Amino acid sequence: MAKSCKGLAMELVKCLSETDCVKVQKRPYKECAGEKVPNITSECVGLRETYFNCKRGQVYPDRCKLQLVLASFLLIGCIEI
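As annotated in an unreviewed UniProt entry, the chain carries the name Cytochrome c oxidase assembly factor 5 and is attributed to Dichanthelium oligosanthes.

Written out as structure tokens, the structure is:
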């Protein structure tokens, strides 16, 4: 795991360890990470999404640049959807 996402992963694990999903239901972290708000806190959901976006950015580093270029062309009217 790249160092840039490691801190987020550790924060996510810490957050999940404090949820009922892990503490009471004794489910695995990986399973609880896919849950929604009633089973895990909205803070954990936000951390999960931030972590997944961090990992996605490592797999597709130029994706954001491409989206910015396309958005620029849409704004100036060079292309139509």
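The next point concerns the state of the cysteines. For the structure on display, the rule yields 3 disulfides. Note that Cys15 is cross-linked by a disulfide to Cys44, the S-S spacing being 2.0 Å. Taking the torsion about the sulfur-sulfur bond, which here is approximately -105 degrees, the covalent link between Cys15 and Cys44 counts as left-handed. Of this pair, Cys15 sits in helix α1 (residues 3-17) while Cys44 sits in helix α4 (residues 42-59), and the two are 29 residues apart along the sequence. Summarising the burial analysis for this pair, Cys15 and Cys44 share the class buried. Linked covalently through their sulfurs, Cys21 and Cys32 form a disulfide whose S-S length is 2.0 Å. Looking down the S-S bond of the Cys21 and Cys32 bridge, the torsion is -90 degrees, so its handedness is left-handed. Remark: Cys32 occurs in helix α3 (residues 29-33) and Cys21 occurs in helix α2 (residues 20-23); sequence separation between them is 11 residues. An identical accessibility class is assigned to Cys21 and Cys32; each is buried. The connectivity of the disulfide-linked cysteines in the chain, indexed sequentially, is 1-6, 2-5, 3-4.

The next point concerns the nonpolar core. Within the largest apolar cluster, 16 residues are counted, with the highest numbers of intra-cluster contacts made by Leu12, Leu16, Cys32, Ile40, Cys44 and Tyr51. Counting residues per element, the ones that place at least two in this core are α1, α2, α3 and α4. A total of 6 residues in this core trace back to one element, the largest contributor, which is α1. In contact with Ile40, not counting residues within four places along its chain, are Leu16, Thr19, Cys21, Cys32, Ala33, Glu35, Val45 and Arg48.

Take the environment of Val22 next. For Val22, the location among the structural elements is in helix α2. Considered as a pair, Val22 and Asn39 are 17 residues apart in the sequence and their alpha carbons are 9.4 Å apart. Sequence-distant contacts of Val22, that is, excluding residues within four places in its chain, are made with Leu16, Ser17, Arg27, Tyr29 and Cys32.

Note on placement: Thr19 falls in the loop between α1 and α2. When its relative accessible area of 3% is taken as the criterion, Thr19 is described as buried. In this structure Thr19 touches Val24, Asn39, Ile40, Thr41 and Cys44, once residues within four positions along its chain are discounted.

Definitions and cut-offs
- Residues numbered from 1 in each chain as written.
- Predicted model: local features only at pLDDT ≥ 70, side-chain atom pairs only at ≥ 80, totals over all residues.
- Heavy atoms only, no water.
- Disulfide = S-S within 2.5 Å.
- Helix = DSSP H or I, 4+ residues; strand = E, 2+ residues; numbered from the N terminus.
- Buried < 20%, exposed > 50% of the residue type's maximum accessible area, 1.4 Å probe, protein only.
- Core = buried A, V, L, I, M, F, W, Y, C linked by side-chain atoms within 4.5 Å.
- Contact = heavy atoms within 4.5 Å.

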